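Listed here are the chains, written in short residue letters.
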Amino acid sequence: MGYLCYLIPGLPGSRIDAVRETGTEMRYAIPSGTWYDLDRLLWIAVAERNTFDRNEERFSDRFSTSSVDMVIIPATTGQMGVLPGHVATIAELKPGVMSVHEGNDVTKYFVSSGFAFIHANSYADVIAVEAVPIDQIDPSQVQKGLADFTQKLSSASTDLEKAEAQIGVDVHSALNSALTG
Amino acid sequence: MASNAAAPFWRAAGMTYITYSNICANLVRNCLKEPHKSEALTREKVHFSVSKWADGKPQKPRY
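- Chain B has the name ATP synthase subunit epsilon, mitochondrial in an unreviewed UniProt entry, where Actinidia rufa is given as its organism.
- What the UniProt record of chain B gives under Subunit (unreviewed entry) is the line "F-type ATPases have 2 components, CF(1) - the catalytic core - and CF(0) - the membrane proton channel. CF(1) has five subunits: alpha(3), beta(3), gamma(1), delta(1), epsilon(1). CF(0) has three main subunits: a, b and c."
- Heading Sequence similarities (unreviewed entry) of the UniProt record for chain B holds this comment: "Belongs to the eukaryotic ATPase epsilon family."

- An unreviewed UniProt entry lists chain A under the name ATPase, F1 complex, delta/epsilon subunit, from Actinidia rufa.
- Quoted verbatim from the Sequence similarities (unreviewed entry) field of UniProt, the annotation for chain A is "Belongs to the ATPase epsilon chain family."

Dropping the structure here:
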């Protein structure tokens, strides 16, 4: 069972025949930038971009293409600084802060998870489902979430519940460090 | 590049990457300040319809 699903943002009428499984056909109409549940070996990353579709809302352009001096990305292997001329790399990102350095300006975004593709020609693509400027994060919700999930983690029974609670704790701790760091 | 030796805890618990990523995104969306939060919640919406096929014809959609 292999599923392949590709959404091309910007095409008029983005209703897509997403998945064909024996006996069931599923059709998805979704805003761009959404991930699909797929067979574990296949996934498609969709960058959040400007979409102009008469059926759907217009999303603000969150990731403009721009030239910067350095980007520090929260890879699963640790904070990674990417400068022009960086060796081509694919890095999986963990929930954390991505900081974009342009001259003396630093803009920080909290990235929920995703990937960074660094190409050999000094281009880097950072793809995330959610990336928010740090000042849009609400500290009280973060504390509440952290407390909730810590409690859920101690009371979780099945593997899946434990995994979900652990994800909750990880994400909220990362949000917390983003706010205080 | 990370080795394949230790699967991440969510993979070991049977979760796919997409599920993990969506959970992370939902948690982050819930922690936003007000005007951004409502916009973000609209991004979460997924519309779909499911119909079972029999004899080469779709039957009544379930949703």
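**Structural notes on the overall build of chain A**
Part 1 of the reasoning: A count of helices and strands for chain A gives two helices and ten strands.
Part 2 of the reasoning: When the helices and strands of chain A are listed from N to C terminus, the series reads β-β-β-β-β-β-β-β-β-β-α-α.
Part 3 of the reasoning: For chain A, the proportion of contacts with a sequence separation of at least 24, taken over those separated by at least 6, is 43%.
Part 4 of the reasoning: Of the roughly 9800 Å² of accessible surface on chain A, a fraction of 52% belongs to carbon and sulfur atoms.

**Some details on the pairing of strand S9 (residues 124-128) of chain A**
Residues and elements named next belong to chain A.
Part 1 of the reasoning: Where strand S8 (residues 114-118) lies against S9, five bridges are found, and the strand directions are antiparallel. Residue pairing in the sheet places phenylalanine 115 in a bridge with isoleucine 127 of S9.
Part 2 of the reasoning: What sits between S8 and S9 in their antiparallel hairpin is a turn of five residues, with serine 122 showing a positive phi close to 70 degrees.

**A short note on unusual backbone geometry**
Residue and element names in this part refer to chain A.
Part 1 of the reasoning: The phi torsion at serine 122 lies on the positive side, around 70 degrees, for a residue other than glycine.
Part 2 of the reasoning: Among the structural elements, serine 122 can be located in the loop between S8 and S9.
Part 3 of the reasoning: Given a relative accessible area of 43%, serine 122 falls into the partly exposed group.

**Focus on the environment of proline 95 of chain A**
Part 1 of the reasoning: Tracing the chain through its elements places proline 95 of chain A in the loop between strand S5 (89-93) and strand S6 (96-102).
Part 2 of the reasoning: For the pair proline 95 of chain A and leucine 175 of chain A, spaced 80 residues apart in sequence, the C-alpha separation works out to 8.0 Å.
Part 3 of the reasoning: With residues up to four places along the chain from it excluded, the contact list for proline 95 of chain A reads Phe110, Val111, Ser112, Val171 and Ala174 of chain A together with Tyr20 and Cys24 of chain B.

**Description of the environment of glycine 78 of chain A**
Residues and elements named next belong to chain A.
Part 1 of the reasoning: Within the secondary structure, glycine 78 is located in strand S4 (residues 78-82).
Part 2 of the reasoning: With relative accessibility at 19%, the residue glycine 78 sits in the buried group.
Part 3 of the reasoning: Placed 15 residues apart in sequence, glycine 78 and leucine 93 show a C-alpha to C-alpha distance of 8.9 Å.
Part 4 of the reasoning: Ignoring anything within four residues of it in the chain, the contact list for glycine 78 reads Ile73 and Lys94.

**Comments concerning helix H2 (residues 17-30) of chain B**
Residues and elements named next belong to chain B.
Part 1 of the reasoning: Between its first and last C-alpha atoms H2 spans 20 Å; for 14 residues at 1.5 Å apiece the expected length is 20 Å, and the two agree.
Part 2 of the reasoning: In terms of burial, H2 is largely enclosed, as eleven of its 14 residues are buried.
Part 3 of the reasoning: Within H2, the full set of buried residues consists of Tyr17, Ile18, Tyr20, Ser21, Asn22, Ile23, Cys24, Ala25, Leu27, Val28 and Arg29.

**Notes on the side chain of serine 99 of chain A**
Residues and elements named next belong to chain A.
Part 1 of the reasoning: Relative to the elements of secondary structure, serine 99 occurs in strand S6.
Part 2 of the reasoning: Its relative accessible area of 8% is what places serine 99 among the buried residues.
Part 3 of the reasoning: The residues touching serine 99, leaving out its near neighbours within four places in the chain, are Met70, Val71, Ile72, Val106, Thr107 and Lys108.

**Looking at the packing of helix H1 (residues 139-155) of chain A against helix H2 (residues 159-180) of chain A**
All names here are of chain A.
Part 1 of the reasoning: Running from amino to carboxyl end, H1 crosses H2 at an angle of 150 degrees, the nearest separation of the two axes being 8 Å. With respect to H2, the element H1 is oriented roughly antiparallel. Judged by the sense of rotation from one axis to the other, the crossing of H1 with H2 is left-handed. Facing H1, whose interface residues are Pro139, Gln141, Val142, Gln143, Gly145, Leu146, Phe149, Thr150, Lys152 and Leu153, H2 presents Lys162, Glu164, Ala165, Gln166, Gly168, Val169, His172, Ser173, Leu175, Asn176 and Leu179.
Part 2 of the reasoning: In terms of residue class, the contact of H1 with H2 is built from nine nonpolar, nine polar and three charged.

Conventions adopted
Residues numbered from 1 in each chain as written. Chains lettered and ligands numbered in written order. Predicted model: local features only at pLDDT ≥ 70, side-chain atom pairs only at ≥ 80, totals over all residues. Heavy atoms only, no water. UniProt positions renumbered as here; feature names shortened; annotations may be inferred. Helix = DSSP H or I, 4+ residues; strand = E, 2+ residues; numbered from the N terminus. Contact = heavy atoms within 4.5 Å. Areas by Shrake-Rupley, 256 points an atom, 1.4 Å probe, with all protein chains shown as cover. Pairing = 2+ DSSP bridges. Buried < 20%, exposed > 50% of the residue type's maximum accessible area, 1.4 Å probe, protein only. Expected span 1.5 Å × (residues − 1). Axes fitted to C-alpha atoms, helices over the stretch in contact; angles between N-to-C directions. Parallel < 35°, antiparallel > 145°, perpendicular 65-115°, else oblique. Left-handed = near helix turned anticlockwise from the far one by under 90°. Nonpolar A, V, L, I, M, F, W, Y, C, P; charged D, E, K, R; others polar.

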